[in-house]
Protein chains: 2
Amino acid sequence: MTNVKVLYVEDELFLGKIVRESLECRGFEVIMEDDGAKVLDLFKKTNPDICVLDVMLPNKDGFAIADEIRELNEDVPIIFLTAKTQTEDVVKGFTLGGNDYIRKPFSMEELIVRIQNLLRNKSEGTTKISGGATAIGKYTFHLNRQVLAGEKEERKLSYRESELLKLLYENRDKIIDRKDILNLLWGNDSFFNSRNLDVYITKLRSYLKEDTSLEIITIKGIGYRFVTG
Amino acid sequence: MTNVKVLYVEDELFLGKIVRESLECRGFEVIMEDDGAKVLDLFKKTNPDICVLDVMLPNKDGFAIADEIRELNEDVPIIFLTAKTQTEDVVKGFTLGGNDYIRKPFSMEELIVRIQNLLRNKSEGTTKISGGATAIGKYTFHLNRQVLAGEKEERKLSYRESELLKLLYENRDKIIDRKDILNLLWGNDSFFNSRNLDVYITKLRSYLKEDTSLEIITIKGIGYRFVTG
DNA sequence: GGCCATTAACCTTTATTAACCTAAAAGAAA
DNA sequence: TTTCTTTTAGGTTAATAAAGGTTAATGGCC
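Since the model is a prediction, treat every value here as computed from it, not as a measurement.

### What about the overall build of chain A?
- On a plain count of helices and strands, chain A comes out with seven helices and twelve strands.
- Partitioning the contacts of chain A with sequence separation of at least 6, the portion at a separation of at least 24 is 52%.

The structure is reproduced here in structure tokens:
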């Protein structure tokens, strides 16, 4: 599992440094640039998963850059950082069309939430499990409905349970890093929510115990492997 | 299907840029103009599929422009962007006959949805049955009449119920952010009206319970997903 | 008065944190 | 090398906090 690559274009170096560090400490790979004219080349070279563009840049503004990027790639999500001007009304949190706007000053939390939103909605279509039903051992897993149906009973899963099961299933028979799971489901792998994952693993094990051929194996110090028989 | 051409008349350049960017990224071709006096010529030249007119323009206001356009073309849909101070009465007179209006500040999502609606009313799409009616599971939803017809009974929906259902349906099988819903329907996502949404979700769930294949799934901490079977 | 939107009150579910327990490696002493 | 500790990662369960669900009451507006 590779890290999510963020192309971040910002000319305020001090702000840029803070943002970059915060993103990196949450497991993002950050490619930074302060010169608007160089962004397109960098985009081609690095092929990022998401772009964060300051609108106010010395040479070429964020919108112009976005236009260029869109010519190369129609899907990559773009977040614009806009100065607080008269646009207050307009730029009110809408997250559609693969673009998003954040008004400066913004909090790191906000930026991270938006990034995750855009990535989530994008991967919606490309996920390996179809929106319909997937057979997992004796069970049938309806991802969209968040339902795990055994032979006798159906269980409604919460979003986290459902996403974790999906992740395990998509990577079945492979070792998945604990860190990667934490980054994907919780957005970071800090000490605090790391016990959270254990709790959900326990839950899933208990939900899946009707079929003994299904097992979530712990690889101590590394992660898990979901074996499906 | 070639691109949909949108003629967009706006004098606030910064807003215009954002809107244009968002529309283009959704695959629309945007023809922009900031001078009301030049619009009619531009219309003749480009023959757009839909017009979006700011009402407050320096030389000629949006309504006057619309009159001129209507002399040339009776069918092209026109969306007015009106300032929030505008009285509803004034605007309402213009909303008949393929016209619509959106009050500023508006969200891009709202604009896009309106554009799509107006275009769909002209050429019937796959999900539209006829005359603005949409099949949702066993139900038929008459958007412009705000009526949800089940197999046995018909229910009149209120404006909010209707708008929420529309939003859910148009984004079915995708996760919609709670925040986005609040911003679209209530204009903000403050703590206060946030419980309001829950109430309407409950109402819709109850209205839709005749068809068990329809489900509004909660994604706790994020939003909802409307699955339609 | 009737219709809606909103607010309030109270309840349920889900996520997170905490506390305590167990198993696996890694070291040290025999 | 064996065996006995020590350390560390993870497992389990319960408690707490947060988010949302439901229903009823309130209040505004034709």
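### Points about the packing of helix α6 (residues 159-170) of chain B against helix α7 (residues 178-186) of chain B
Residue and element names in this part refer to chain B.
- Where α6 meets α7, the axes come as close as 11 Å, and the angle between the chain directions of the two elements is 135 degrees. Considering the angle they form, α6 stands oblique to α7. Along this stretch, α6 crosses α7, giving a crossing that reads as right-handed. The residues of α7 that touch α6, namely those facing R160, E163, L164 and L167, are I181, L184 and L185.
- The residue inventory of the contact of α6 with α7, partitioned by class, reads five nonpolar, no polar and two charged.

### Some details on the nonpolar core
- The biggest cluster of nonpolar side chains holds 28 residues, and the ones touching the most others in it are B:V6, B:V9, B:C51, B:V52, B:L53, B:I69 and B:I78.
- Taken together, the elements giving at least two residues each to this core come down to β1 (4-9), α1 (13-25), α2 (39-46), β3 (50-54), α3 (62-72), β4 (78-82) and α5 (108-122) of chain B.
- Ranked by size, the runner-up nonpolar core spans 26 residues in total, among them A:V6, A:V9, A:I50 and A:L118.

### Section: the confidence of the model for chain A
Residue and element names in this part refer to chain A.
- In this model, chain A carries a mean pLDDT of 81, and residues with pLDDT of at least 70 account for 83%.
- For chain A, the element scoring lowest by mean pLDDT is helix α4 (residues 108-126), at 69; strand β1 (residues 5-9) scores highest, at 94.
- Segment residues 85-97: pLDDT under 50, and 36 contacts once partners within four positions in sequence are set aside and those in other chains are kept.

### Some remarks on the protein's contact with DNA strand C
- The local shell around DNA strand C holds 23 residues, among which A:S158, A:R160, B:S158, B:Y159 and B:R160 are the closest.
- Residue assignment for the surface near DNA strand C shows that the elements contributing at least two residues are α5 (159-170) and α7 (191-207) of chain A together with α6 and α8 (194-207) of chain B.
- The element contributing the most residues to the surface near DNA strand C is α7(A), with five residues.
- Here the residues of the surface near DNA strand C sort into six nonpolar, seven polar and ten charged.

### Some words on the sheet that holds strand β10 (residues 175-177) of chain A
Residue and element names in this part refer to chain A.
- Taken together, the three strands give an open sheet; going across it, the order is β10-β12-β11, and neighbouring strands pair in antiparallel fashion. Strand pairing shows two members of the sheet lacking a second neighbour, β10 and β11 (215-219), which therefore form its edges. The average angle at which neighbouring strand axes cross in this sheet is 30 degrees, direction not considered.
- In terms of strand pairing, β11 meets strand β12 (residues 223-227) through five bridges, oriented antiparallel.

### Topic: the protein's contact with DNA strand D
- In the region of DNA strand D, 20 residues are neighbours, and A:D198, A:T202, B:D198, B:T202 and B:T218 sit closest.
- Of the residues belonging to the surface near DNA strand D, the class tally is four nonpolar, six polar and ten charged.

### Topic: the sheet that holds strand β8 (residues 147-149) of chain A
Residue and element names in this part refer to chain A.
- Here we have four strands laid out as an open sheet, ordered β6-β7-β8-β9, and antiparallel in their pairing. One side of each edge strand has no neighbouring strand; the edge strands of this open sheet are β6 (133-136) and β9 (154-156). Neighbour-to-neighbour, the strand axes of this sheet turn through a mean angle of 20 degrees, independent of strand direction.
- Summarising the sheet, strand β7 (residues 139-142) and β8 pair through three bridges and their orientation is antiparallel. In the sheet register, H142 faces β8, and the bridge partner there is V147.

### Details of the environment of B:L184
All names here are of chain B.
- Inspection of the secondary structure puts L184 in helix α7.
- Classification of L184 as buried rests on a count of 24 C-beta atoms within 10 Å.
- Sequence separation of L184 and E163 is 21 residues, and the distance between their C-alpha atoms is 9.3 Å.

### Some points on helix α3 (residues 62-72) of chain A
- Every buried residue of α3(A) is accounted for by A:G62, A:I65, A:A66 and A:I69. Along α3(A), the residues classed as buried sweep out an arc of 100 degrees about the axis, all on the same side.
- Next to the buried residues of α3(A) lie β1, α2 (39-46), β3 (50-54) and β4 (78-82) of chain A together with α1 of chain B.

### Here's the deal with the pairing of β7(A)
All names here are of chain A.
- Residues Y139 and F141 of β7 are buried on one face, while the alternating residues T140 and H142, pointing to the opposite face, are not.
- Two strands pair when backbone bridges link them, and β6 and β7 are joined in this way by four bridges, in the antiparallel orientation. Bridge pairing in β7 places I136 opposite Y139.
- Counting the residues in the hairpin turn of β6 and β7 gives two residues, including G137, whose phi is positive at 55 degrees.
- Remark: four residues form the turn of the hairpin made by β7 and β8, two consecutive strands paired antiparallel; Q146 in that turn has positive phi of roughly 55 degrees.

### Comments concerning the packing of α2(A) against α3(A)
All names here are of chain A.
- In contact at an axis separation of 10 Å, α2 and α3 are set at 35 degrees when each is read in the N-to-C sense. Both α2 and α3 take part in a crossing whose hand is right-handed. Facing α2, whose interface residues are V39, L40, F43 and K44, α3 presents I65, E68, I69 and L72.
- Taken together, the residues of the contact of α2 with α3 break down into six nonpolar, no polar and two charged.

About the cut-offs
Residues numbered from 1 in each chain as written. Chains lettered and ligands numbered in written order. Predicted model: local features only at pLDDT ≥ 70, side-chain atom pairs only at ≥ 80, totals over all residues. Helix = DSSP H or I, 4+ residues; strand = E, 2+ residues; numbered from the N terminus. Contact = placed C-beta atoms within 7 Å. Axes fitted to C-alpha atoms, helices over the stretch in contact; angles between N-to-C directions. Parallel < 35°, antiparallel > 145°, perpendicular 65-115°, else oblique. Left-handed = near helix turned anticlockwise from the far one by under 90°. Nonpolar A, V, L, I, M, F, W, Y, C, P; charged D, E, K, R; others polar. Core = buried A, V, L, I, M, F, W, Y, C linked by C-beta atoms within 7 Å. Buried ≥ 20, exposed ≤ 12 C-beta atoms within 10 Å, placed from the backbone. pLDDT = per-residue confidence, 0-100. Near = placed C-beta within 6 Å. Pairing = 2+ DSSP bridges. Arc of directions from axis to C-beta.

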